[in-house]
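Structural features, examined
Listed below, chain by chain, are the residues.
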Amino acid sequence: MKLAVAVQRYGADINGGAELHARYIAERLARHADVEVVSTCARDYVTWKNERPSGIEHVNGIPVRRFPVIHQRDPYHFGRLSRRVFDQPHSLADEIAWLDSEGPASPAMIDYLEQAAPKLDFILLFSYRYYHAWHGARRVPSKALLVPTAERDQAIGLGIFGPTFRGVRAVMYNSHEERAMIQAATHNEQVPGVVVGVGSEIPARTNAERFRRKHNIRKPFAIYVGRIDENKGCKELFDFFLRYAATFPKGLDLVLIGSAIMPIPQHPRIHHLGFQPDEDKFDGIAASDLLIMPSYFESLSMVALEAWALGRPVLANGQCDVLKGQCIRSAAGLYYERYEEFAETLYALESNGPLHARLGRNGRDYFTQHYTWPVIERKYLDMFDRLKRDDAAGSARAPVESLGGWFARRRTDRRPASDVLAGIPSGAAPTGNSNNLSRSA
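Residues numbered from 1 in each chain as written. Predicted model: local features only at pLDDT ≥ 70, side-chain atom pairs only at ≥ 80, totals over all residues. Heavy atoms only, no water.

**Describing the layout of surface pockets**
- Here the second largest pocket defines a volume of roughly 360 Å³.
- Around the second largest pocket sit 19 residues that line it, and Arg166, Val168, Ala396, Arg397 and Ala398 are the ones nearest its centre.
- Contributions of two or more residues to the lining of the second largest pocket are made by α6 (161-167) and α15 (373-392).
- If one sorts the elements of the lining of the second largest pocket by residue count, α15 sits on top with 3 residues. (1 Å grid on protein atoms, 1.4 Å probe; cavity = no way out; pocket = protein on both sides within 12 Å on 5 of 7 lines; lining within 4 Å. Points joined across faces, edges and corners; volume = space filled by probe spheres on them. Helix = DSSP H or I, 4+ residues; strand = E, 2+ residues; numbered from the N terminus.)

**A word on unusual backbone geometry**
- The amide bond that connects glycine 103 to the next residue, proline 104, takes the cis arrangement and shows omega of -5°.
- One non-glycine residue, histidine 187, lies in positive phi territory at about 55°.
- Structurally, the position occupied by histidine 187 is in the loop between α7 (176-186) and β8 (193-195).
- Phi is positive for asparagine 216, which is not a glycine, with a value near 55°.
- Mapped onto the elements of the fold, asparagine 216 is located in the loop between α8 (208-215) and β9 (221-225).

**Concerning the pairing of strand β5 (residues 122-126)**
- Here β5 lies mainly inside the structure; 5 of its 5 residues are buried.
- Covered by surrounding structure in β5 are Phe122, Leu124 and Phe126 together with Ile123 and Leu125, the residues of both alternating faces.
- Of the pairings in the sheet, the one linking β5 to strand β6 (residues 144-147) comprises 4 bridges and is parallel in character. Across the sheet, the residue bridging to isoleucine 123 is alanine 144, located in β6.
- Once you follow β5 into helix α5 (residues 131-139) and on to β6, the crossover reads as right-handed. (Buried < 20%, exposed > 50% of the residue type's maximum accessible area, 1.4 Å probe, protein only. Pairing = 2+ DSSP bridges. Right-handed = clockwise from strand over helix to strand, strands pointing away.)

**A short note on empty space enclosed by the protein**
- Per the stated rule, a full pass over the model turns up 1 cavity of 30 Å³ or more.
- Roughly 40 Å³ of internal volume is contained in the largest cavity.
- As for the largest cavity, its lining consists of Ala137, Arg138, Pro141, Pro163, Thr164, Gly167, Val168 and Val400.
- Within the residue set of the lining of the largest cavity, elements represented by two or more residues are α5 and α6.
- It is α6 that provides the largest number of residues to the lining of the largest cavity, a total of 3 residues.
- Taken together, the residues that form the lining of the largest cavity break down as 5 nonpolar, 2 polar and 1 charged. (Nonpolar A, V, L, I, M, F, W, Y, C, P; charged D, E, K, R; others polar.)

Dropping the structure here:
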């Protein structure tokens with residue numbers, strides 16, 4: 001079996017988000033198939049500047065074929081188009097212009113996917129909202145499986161994405177909440193799909209004391225791992241933690257692992273360690289009392305899964321449907337929506353409290369049942385087998401939906417994406433059966 005994994009940027013030095021998700025999947029599926037990664041020359045996700053050489057290199061044994069981006073992102077232009085399509089009536093042409101402005105625009109990458117498609121069994125397209133996924137799904141729909149990594153933001157309300165979700169061979173969802181949101185927005189229930197998520201490279205052993213010695217941290221602490229960014233809920237986290245620290249002088253400290261793109265309060269109980277290698281990250285989670293996930297928007301939190309794998313409970317922002325749903329399904333985390341809930345749940349999850357050990361055990365069980373690599377790989381392989389059977393049976397597929405002609409694309413008849421998003425039900429989703437490969441799975 002020959003597979004291509006197409007993603008907006010790729011490298012061993014990219015340690016989070018959809019790009020890390022794509023790398024993990026590529027490396028695990030390479031145990032079962034001939035896998036090639038197709039990506040751009042970009043390293044930075046804001047500018048999409050070409051920083052890597054075009055051509056083929058190998059990353060952890062996987063061939064990676066890179067293509068140049070034809071323009072960097074213009075923040076002013078992108079912001080202006082975002083306000084138009086998210087907040088105002090607009091046209092289909094406006095949405096396509098927004099997609100091109102968001103980037104990374106690489107026509108050569110799309111041309112290659114189309115040329116290579118006859119020799120490939122399937123193409124896994126990561127991150128629905130980017131140029132390569134949208135154009136790739138339209139150019140090679142018969143080979144395209146979409147891994148959307150969709151968050152509950154306004155982009156899901158854009159009309160250009162409905163035909164994408166309805167036209168691909170299958171959708172590999174990250175969570176029940178992501179699936180419910182996408183189906184409500186795009187009505188793609190007839191497309192085969194499965195809630196699969198992603199595994200993680202959990203070390204066989206961790207060393208909490210090694211972490212404490214290295215970073216000179218002796219008090220009990222909660223840990224945050226990820227980009228320190230207002231868009232990740234970190235401003236609210238800092239506001240809430242400073243109030244908590246003033247109210248509970250003997251409470252937990254807060255340890256932060258990750259690069260900061262916003263100011264971090266100077267406080268003796270807040271310890272920013274910057275970017276750390278995986279050994280320190282896992283040692284830090286093992287040393288912590290709990291992991292805090294303050295993000296409002298996630299399609300799946302890999303670090304929450306890692307914390308559960310290590311037997312640590314999670315405290316999540318309850319305004320994020322995915323995180324709230326995972327806490328409920330796992331019975332391994334609590335969630336908050338205002339400061340009073342933050343303070344009380346943080347206090348309840350301290351390691352000397354009655355909930356800590358029980359939630360930690362539940363987290364380990366949840367990870368083992370749903371997110372170990374054999375489980376993840378089996379779901380992908382079962383989907384490939386199902387689609388091959390459909391092909392062998394000559395199952396009919398709907399043609400790619402037309403976008404209309406020049407005039408149709410320029411009619412200002414599209415609702416603001418924010419209005420569409422407001423009409424999509426929210427909250428934790430019913431679980432169904434994540435192993436079911438039926439069309440409603």
